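# Structure assessment
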Amino acid sequence: MINDLVTVGGLTVDNVISSDGRVALGQAGGNGAYAAVGALMWRPRVGLVSCAVESYPSETLTRLRNGGVDLDGVSWSDERLTLCNWFIYDAVGGRDEDLVSAPEALAEAGFPTDHLDPPQISAWQKHLRAQRHLDDVSYSEFRTRHPLTPAQIPATWRAVQGVHLAPSQPDVMISMLDFFGRGNAVITADPGWQLAARSLDEISPILARLDAFLPSEVELRALVPHAGLSDALAALASRSTGAIAVKLGPKGALVWDRLSRTAIPVPTVEVSAVDPTGAGDGFSGGFLAGLVETGDPVMAARFGAVSAARVVSAFGADGALPADRAGARAAIARDMVA
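Cut-off values and rules
Within each chain, residue numbers correspond to sequence positions counted from 1 in written order. At least 70 in pLDDT is required for a residue's local features to be given in this predicted model, at least 80 for side-chain atom pairs to be given and counted, and no such filter applies to totals for whole chains, interfaces and linings, which use all residues. Here the side-chain values reflect all heavy atoms present in the structure, with hydrogen atoms and water set aside. Strands are runs of DSSP state E lasting at least two residues, helices are runs of H or I lasting at least four, and both sets are numbered from the N terminus onward. Radius of gyration: C-alpha atoms only; globule rule: 2.2 Å multiplied by the number of residues to the exponent 0.38. Residue exposure (1.4 Å probe, protein chains only): buried if accessible area is under 20% of the type maximum, exposed if over 50%, otherwise partly exposed. It only takes one pair of heavy atoms within 4.5 Å for two residues to be counted as in contact. Computed with a 1.4 Å probe, the accessible areas rest on the Shrake-Rupley method; for each residue, only the protein chains presented here act as cover. Think of it this way: Lys and Arg go in the positive column, Asp and Glu in the negative one, and His and the chain ends go nowhere. Charge coordinates come from a single atom per side chain, which is NZ of Lys, CZ of Arg, CG of Asp or CD of Glu. We call two strands paired when DSSP finds no fewer than two bridges between them. Between N-to-C directions, angles cover 0 to 180 degrees, with each direction set by a line fitted to C-alpha atoms, over the stretch in contact for helices. Only buried Ala, Val, Leu, Ile, Met, Phe, Trp, Tyr and Cys residues count toward a nonpolar core, and they belong to the same one when joined by side-chain atoms within 4.5 Å. By convention in these notes, a salt bridge is any Lys or Arg side-chain nitrogen within 4 Å of a carboxyl oxygen on Asp or Glu. Between 30 and 60 degrees the pair is tilted, below 30 it is stacked and above 60 it is edge-to-face, where a pair is any two Phe, Tyr or Trp rings, Trp via its six-membered ring, whose centres lie within 6.5 Å.

A few words now on the overall build of the protein chain. If you tally the helices and strands in the protein chain, you get 13 helices and 13 strands. Taken over the C-alpha trace, the protein chain has a radius of gyration of 19 Å; the compact-globule value for 338 residues is 20 Å, and the two agree within 12%. Across its three principal axes, the protein chain shows a C-alpha extent of roughly 55 × 40 × 40 Å. Counting only residues that meet the buried cut, the protein chain has 56% of its 338 residues in that class. Sequence separation of at least 24 residues holds for 67% of the intrachain contacts in the protein chain that already meet a minimum separation of 6. In the form shown here, the protein chain has an accessible surface area of approximately 14500 Å², with 52% of it arising from carbon and sulfur atoms. Charge centroids of the protein chain, computed over 27 positive and 38 negative side chains, lie 5 Å from each other.

Below, the structure written as structure tokens:
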């Protein structure tokens, strides 16, 4: 079976503290995996370009493969990494994501490993900030040291219908645009901190080659500071012919309409959220599937909202598998009636 879509991004292992204090240690994730799962809500087979280290859970890779993710674009490393990023959520949707440790460090420091109350969370964050890991490599550092390259992509994937570039260094994105841009693929991208830390002038060569650019609210404000959301979207749109949409977490998304020069809101899908990790990546995978299928950025955002809702309903990148494509289609149909 030929892949319809491809996602390009990381495979990581994360530690999570949800907004209600629940703890999930050593969760298999990664922006590439979450985006692939988001796309799988709509298409039966999605290729993944990534790198899997020895310490990435093999059972998760099996579930991804069995769920429809083609791993032929994944390179393999025998390195075992111990440092995982912490994703610590607050009650209003904010996230602290700059701290790292091994999953075992929480218990070793004397904290509970199933649930933390607010004072314990604050104490754990303070503990993590005081730590130094001079000799260890985190998953995010590994990705920087071992960038993805077109050489690992099967040649037949050049003919896919759509590609999503999860956050990566600019040179990685440009190399992927060079590879996939030779075909007729719809190409979307999420800036992440890798692009958001740069100026609009610096990232304009990438923006100009995309069919859609999907920053988070934090990333949009970094790229276009001192501007309202609509003005910031307009500034990005002036440098690209593709769709521009900003992800607003629990507030949904705004899609820039070039004809009316207004931002069109797309709400989230009501769901009992378990873990917000990967919501933006799942949205992006769904957005890609929707844009390829409909050509309509607002409809694509509705696809993305359904995918994000599925992703946040469970812990881990494979938690939303197997994909319920009939349920996803039904959710879109209900949205259109409403």
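The rest of the description comes next.
Bringing helix α6 (residues 170-180) into the picture now. Given 3.6 residues to a turn, an α-helix orients residues that are three or four positions apart in the same direction. Of all the 11 residues making up α6, 8 are buried; the element is thus mostly covered by neighbouring parts of the structure. Residues Pro170, Val172, Met173, Ser175, Met176, Leu177, Phe179 and Phe180 constitute the buried set of α6. Buried residues in α6 make contact with β1 (5-8), β4 (46-52), β8 (162-165), β9 (186-189), α7 (192-196) and α8 (200-207).

Attention now moves to unusual backbone geometry. Put simply, Leu321 and Pro322 share a cis peptide bond, and its omega is 0 degrees. Within the secondary structure, Pro322 is located in the loop between α12 (297-311) and α13 (325-337). Although it is not a glycine, Arg261 sits at a positive phi angle of roughly 55 degrees. In this fold, Arg261 is placed in the loop between β12 (253-257) and β13 (262-266).

A few words now on the sheet that holds strand β7 (residues 95-101). Taken in spatial order, the 4 strands of this open sheet run β3-β2-β6-β7, and their pairing is mixed. Every other strand in the sheet has two partners, leaving β3 (23-29) and β7 as the edge strands with one partner each. Within the sheet, the average angular offset between the axes of one strand and its neighbour, ignoring direction, is 30 degrees. As paired strands, strand β2 (residues 12-17) and β3 are joined by 5 bridges and run antiparallel to one another. Note that in β3 the partner of Ile17 across the bridge is Val23.

Here the focus is the nonpolar core. Counting 97 residues, the largest nonpolar core has Val8, Val163, Leu165, Met176, Phe180, Phe213 and Phe287 as its most contacted members. For this core, the element with the most residues is α12, which contributes 8 residues. Among residues more than four places away in sequence, those in contact with Phe180 are Val6, Val8, Ile153, Trp157, Arg158, Val160, Val163, Ala185 and Ile187. Counting residues in each nonpolar core, the second largest holds 12 residues, with Ile88, Leu106, Phe111 and Ile121 among its members.

Using the criterion set out here, one finds 12 salt bridges in the structure. A salt bridge links Asp4 to Arg43; the nearest nitrogen and oxygen atoms lie 3.4 Å apart. In this pair, Asp4 is assigned in the segment before β1 and Arg43 in the loop between α1 (31-40) and β4, connecting sequence segments 39 residues apart. A salt bridge links Lys251 to Glu217; the shortest N-O distance between them is 3.4 Å. Note that Lys251 is positioned in the loop between β11 (243-247) and β12 and Glu217 in helix α9 (residues 217-223), a separation of 34 residues in sequence.

Under the definition given, this model contains 5 aromatic pairs. Summarising the aromatic geometry, the rings of Phe179 and Phe180 are spaced 4.8 Å apart at their centres and angled 80 degrees between planes, so their arrangement reads as edge-to-face. Judged by relative accessible area, Phe179 falls into the buried class, the value being 7%. On the basis of an interplanar angle of 35 degrees and a centroid distance of 6.0 Å, the ring pair of Phe283 and Phe287 is categorised as tilted. Pair noted here: Phe283 and Phe287 are both in helix α11 (residues 279-294), with a separation of 4 residues, about one helical turn. Summarising the burial analysis for this pair, Phe283 and Phe287 share the class buried.

With mixed pairing, 9 strands are arranged side by side in an open sheet as β5-β4-β1-β8-β9-β10-β11-β12-β13. Looking at the sheet topology across the chains shown, the edges are occupied by β5 (69-76) and β13. Two strands pair when backbone bridges link them, and β12 and β13 are joined in this way by 5 bridges, in the antiparallel orientation. From the neighbouring strand, Val255 faces β13, where its bridge partner is Ile264. Across the face of the sheet, helix α2 (residues 58-67) comes into contact with β4 and β5 while running at roughly 140 degrees to β5.

Looking now at the environment of Tyr34. Tracing the sequence through the fold places Tyr34 in helix α1. A relative accessible area of 3% means that Tyr34 is categorised as buried. Residues Tyr34 and Thr277 lie 243 residues apart in sequence; the distance between their C-alpha atoms is 8.8 Å. Apart from the residues lying within four places of it in its own chain, the contact partners of Tyr34 are Ala28, Gly29, Asp275, Thr277, Gly278, Asp281, Gly282, Val311, Gly316 and Ala317.

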